[in-house]
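The residues making up each chain are set out below.
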Amino acid sequence: MKIIYQNEFCSIINYICTCTDCILSQFEYQDTLSICFLRKGNFVFHIFRDELDTYTGKILINKPEYEYRVAHEHTVPDECTIVRFQESAYSYLTSFYKNSLNGFLHKPDLQSILIPSTVEIDYLHNRIFTLTTSGNNTNMEIDCLLVEFIDRIFHLSLTDETGKRLSIRHKENYLSKVERAKDYILAHFAEKITLSDIASVSCMSTFHFVRIFHYITQLTPYQYLLDARLKHAEQLLKKTDTAITDIGYLSGFNTPDHFSTAFRAKYSMAPLFFRQRKREQ
């Protein structure tokens with residue numbers, strides 16, 4: 001466990017589990033509000049009678065002041081990015097996100113919750129983790145990304161898929177392959193990549209890969225790629241003066257028309273109007 005970033009509000013921890021043979025851990029104490037973003041692996045979080053199956057595409061939020069246990073169903077070390085909030089931040093978040101996540105922060109009988117991630121949250125996490133581990137960053141940039149990362153999480157809409165569990169077979173055979181595919185997309189979305197390229201990284205046939213990726217993420221690989229490109233374009237529109245045509249190319253779109261059409265479909269406005277509105281806010 002290593003702290004890779006810290007401010008007056010929270011700390012970011014890079015956690016890599018060194019245990020590969022435990023079935024169920026000893027009791028551990030949760031002393032702060034935390035957000036756990038699982039980068040690789042899988043674990044089952046035991047809190048009272050609840051068993052929260054945590055794997056790629058899931059985010060675990062934990063309240064303070066209770067004991068928990070963790071179970072592993074594989075031999076692959078888990079890798080997590082954990083945002084731990086200072087005690088003073090807990091009361092602020094409880095007030096600010098009073099009705100978020102179905103009122104989770106105000107339910108005394110609910111200590112932990114497992115929620116689905118999105119491509120936008122994956123993108124923000126990837127940027128935060130890259131900046132905090134590369135040494136080439138500014139505190140202001142990280143803080144801004146972190147605020148948006150937290151806000152996106154607390155404004156998620158919970159669905160029937162939120163608590164979905166995967167079979168042991170799917171975890172053993174496919175989780176690591178989907179993780180590799182998502183990492184590849186987030187690293188290369190600005191390039192010309194094909195479905196075959198992504199499937200090859202995952203060591204699966206194209207047809208099989210599309211089915212498995214959708215089953216685990218609830219998105220097609222193309223939807224994931226498109227949303228990653230649009231999230232990058234959104235960041236450039238908000239934070240730079242780069243020409244809109246160039247932003248399209250930098251985000252992986254082949255033509256200005258393709259970029260404009262995709263952006264309008266997602267944000268219900270042209271890129272130029274989006275930039276103007278954000279700067280007026």
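Residues numbered from 1 in each chain as written. Predicted model: local features only at pLDDT ≥ 70, side-chain atom pairs only at ≥ 80, totals over all residues. Heavy atoms only, no water.

With that out of the way, let us pick up the sheet that holds strand β1 (residues 2–6). In a beta sheet, neighbouring strands are held together by backbone hydrogen bonds and run either parallel or antiparallel to one another. Spatially, 6 strands are ordered β1-β2-β9-β4-β7-β10 in an open sheet, and the strand pairing comes out antiparallel. Single-partner strands in this sheet number two, and they are β1 and β10 (112–116). Across this sheet, the average inter-strand angle for adjacent strands is 25°, counted without regard to direction. Strand direction decides the pairing type here: strand β7 (residues 58–62) and β10, joined by 5 bridges, are antiparallel. (Pairing = 2+ DSSP bridges. Helix = DSSP H or I, 4+ residues; strand = E, 2+ residues; numbered from the N terminus. Axes fitted to C-alpha atoms, helices over the stretch in contact; angles between N-to-C directions.)

One can find S11 in strand β2 (residues 10–16). Using a relative accessible area of 8% as the deciding quantity, one classes S11 as buried. C-alpha separation for the pair S11 and R84, spaced 73 residues apart in sequence, amounts to 5.3 Å. With near-sequence residues (within four places) excluded, S11 lies in contact with I3, Y5, Q6, I82, V83 and R84. (Buried < 20%, exposed > 50% of the residue type's maximum accessible area, 1.4 Å probe, protein only. Contact = heavy atoms within 4.5 Å.)

Taking 1.5 Å as the rise per residue, helix α9 (residues 256–267) with 12 residues should run 16 Å; its terminal C-alpha atoms sit 16 Å apart, in good agreement. Taken together, the buried positions of α9 are F259, A262, F263 and Y267. Around the axis of α9, the buried residues are gathered within 110° of arc, so they sit on the same side. More than 90 degrees from the buried face of α9, the exposed residues found are D257, T261 and A265. Taken together, the buried residues of α9 touch α2 (119–134), α7 (221–239), α8 (244–250) and α10 (271–280). Of the residues trailing α9, S268 is marked for its positive phi of about 60°. (Expected span 1.5 Å × (residues − 1). Arc of directions from axis to C-beta.)

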